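Listed here are the chains, written in short residue letters.
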Amino acid sequence: TLLNQTSHVELKRVTQQLSEDITSGLSFSQALERHRDIFPGFYVSMIRSAEVIGNLEEVSGFLADYMEKEYELMTKARSAMIYPGIVAGLFVVVGFIMISFVFPQLGPVFEQAGVELPFYTQALLSVGTFFGTWWPVVILFAVIGILSIISYFDSTEGKALWDELKLRFPLLKKIFLPLTLTRISNAISMLLKGGVPMTQALEIAGQSVNNVLYQDLLADISDDVRQGTSLSSAIAKYPDYFPPLVSQMLVVGEATGQLDDMFARLASFYGRDADKTVGNLVDLIQPTLMIVVGVLVGLLFASILIPLYRLTATIQ
């Protein structure tokens, strides 16, 4: 049925392959695992656990809701960035043209008239003279620099650094911390309800987040739990990555034997927190960026108009 309904060429091919693999005797998780470029490790691990436990329908529903939620958040953020991104891009292009080719033409006029230039006009004239002479080199180095940065952050070391930065900068942390805790809590709650042991649930949940730090932390926490440490105590060792609320809620869950319930509550709490934070940032991005662009445009025109006004006054 999915094969007949799918119009995307690549997904149609993958769906056909999945059907053939399952027909030939492979399990659903084994068939998915052959397409790791489409189905992430977390997805495959959840399906594998569901096959063992027998709650494949429930886990599949959870994964569908999880992916829809992720898509909704990403779409909301992208939509909010389209207009400001276009405005910022146009400003960069226009600003580069003016600084590189227009300002250098005005410099000799001001110099011959003996007009006293503000410091920001002098700075822009110097930059413009350099850009106007070496603009091909500047563009080349800019492109190389951008590609190098992208390549670095695609590497293992770069991904680890980016994961660390997401939790060090306050603004980024307000976005990524609740999102990460929501994913982890949702995954562990679902796995525990399905009867998966805590240590295994922690390891599988580590794959639900695209964050090397949390994957390592959850693996360490799993080892601590395996050696007899309580889950709340193991998590409390990492207050920068798991706020005190998490360990406090888990203490209650351990005392009442309802850890799966507590993880579900944590997922709900941090999910609302993530939605609220993303919503607020989306609402703030456009006016903030427009104000910044407006100030820069004002500075750019002031750099031209003030010397022109002084030149006019000198002539009169």
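Position numbers for residues start from 1 in each chain and track the written sequence from start to end. Residue-level local features of this predicted model are given only where pLDDT is at least 70; pairs of side-chain atoms are given and counted only at 80 or more, and the full residue set underlies all totals for whole chains, interfaces and linings. Note that water and hydrogens are dropped before the side-chain values are worked out from all heavy atoms of the structure.

Caption draft 1: Quick peek at empty space enclosed by the protein. Throughout, the protein atoms alone are placed on a 1 Å grid, and a set of points is a cavity if a 1.4 Å probe fits but cannot get out or a pocket if it is open with protein on both sides within 12 Å along at least five of seven lines; lining residues have an atom within 4 Å of a point. Grid points are joined across faces, edges and corners, and a volume is the space filled by probe spheres set on the points. Applying the stated rule across the entire model yields one cavity of 30 Å³ or more. Roughly 70 Å³ of volume is contained in the largest cavity. Forming the boundary of the largest cavity are L181, I184, S185, I188, L202, L218, I235, F242, V246, F263, L266 and Y270. Secondary structure follows DSSP: runs of H or I at least 4 residues long count as helices, runs of E at least 2 residues long count as strands, and numbering of each begins at the N terminus. Among the elements that take part in the lining of the largest cavity, helix 8 (residues 170–193) stands out by supplying four residues, more than any other. Each residue is assigned to one class: nonpolar for Ala, Val, Leu, Ile, Met, Phe, Trp, Tyr, Cys and Pro, charged for Asp, Glu, Lys and Arg, and polar for all the others, Gly among them. Grouping the constituent residues of the lining of the largest cavity by class yields 11 nonpolar, one polar and no charged.

Caption draft 2: Spotlight on the layout of surface pockets. Its boundaries defined by the atoms lining it, the second largest pocket holds a volume of some 510 Å³. In terms of lining, the second largest pocket is formed by 17 residues, of which the most central are P40, Y66, M67, E70 and S208. Listing elements by their share of the lining of the second largest pocket, those giving two or more residues are helix 4 (41–53) and helix 5 (56–113). For the lining of the second largest pocket, the residue count by class is 10 nonpolar, five polar and two charged.

Caption draft 3: Examining the packing of helix 9 (residues 198–206) against helix 10 (residues 212–226) more closely. Angles shown run from 0 to 180 degrees and are taken between the N-to-C directions of axes, each axis being a line fitted to C-alpha atoms and, for helices, limited to the stretch in contact. It is the contact of helix 9 with helix 10, at a shortest axis distance of 8 Å, that shows an interaxial angle of 175 degrees. If you check the angle between helix 9 and helix 10, you find them roughly antiparallel. Mapping the contact onto sequence places M198, T199, L202, E203, A205 and G206 in helix 9 and Q215, L218, I221, S222, V225 and R226 in helix 10. Angle categories: roughly parallel below 35 degrees, roughly antiparallel above 145, roughly perpendicular from 65 to 115, and oblique for all the rest. Any pair of residues with heavy atoms lying within 4.5 Å of one another is described as a contacting pair.

Caption draft 4: Broad picture of the packing of aromatic side chains. Side-chain rings of Phe, Tyr and Trp (the six-membered ring for Trp) are treated as a pair once their centres are within 6.5 Å; stacked means planes under 30 degrees apart, edge-to-face means over 60, and tilted covers the remaining angles. One pass over the structure, following the stated rule, counts seven aromatic pairs. A ring pair is formed by F39 and Y43, whose centres lie 5.5 Å apart and whose planes are at 45 degrees; its orientation type is tilted. Classification of Y43 by relative accessible area gives buried; the value is 18%. Ring centres of F153 and W162 lie 6.3 Å apart, and the angle between their planes is 75 degrees; on these two criteria the pair is classed as edge-to-face. Using a relative accessible area of 30% as the deciding quantity, one classes F153 as partly exposed. One aromatic cluster is present, formed by Y152, F153, W162 and F176 through successive ring pairs. Type-normalised accessible area, obtained with a 1.4 Å probe on protein chains alone, sets the label of each residue: buried when under 20%, exposed when over 50%, and partly exposed for intermediate values.

Caption draft 5: Seen up close, the nonpolar core. Among the nonpolar cores identified, the biggest contains 50 residues, and M46, I188, M198, I221, L231, F242 and L250 are the most heavily contacted of them. For this core, the element with the highest residue contribution is helix 8, accounting for eight residues. Among all residues touching L250, those that are not within four sequence positions of it are L231, S232, I235, L259, M262, F263 and L266. Remark: nonpolar core denotes a set of buried residues (Ala, Val, Leu, Ile, Met, Phe, Trp, Tyr, Cys) joined through side-chain atoms within 4.5 Å. F110, L125, L300 and I304 belong to the second-largest nonpolar core, a separate cluster that totals 10 residues.

Caption draft 6: Structural view of the pattern of salt bridges. The salt bridge criterion pairs a side-chain nitrogen of Lys or Arg with a carboxyl oxygen of Asp or Glu, the two atoms within 4 Å. For the coordinates displayed, the defined rule picks out nine salt bridges. For E33, the salt bridge is made with R36, and the minimal N-O distance between the two is 3.0 Å. Accessibility expressed as a relative area gives 44% for R36, which makes it partly exposed. Of the charged contacts in the structure, one is a salt bridge between K166 and D163, with a shortest N-O distance of 3.4 Å. Highlighted residues: K166 and D163, both in helix 7 (residues 156–166), separated by three residues, approximately one helical turn. Residue K166 is classed as buried on the basis of its relative accessible area, which comes to 8%. Within this structure, E33, R36 and R48 form a network of salt bridges that share partners.

So, to be careful, I would describe these as geometric facts and stop short of saying anything about function.
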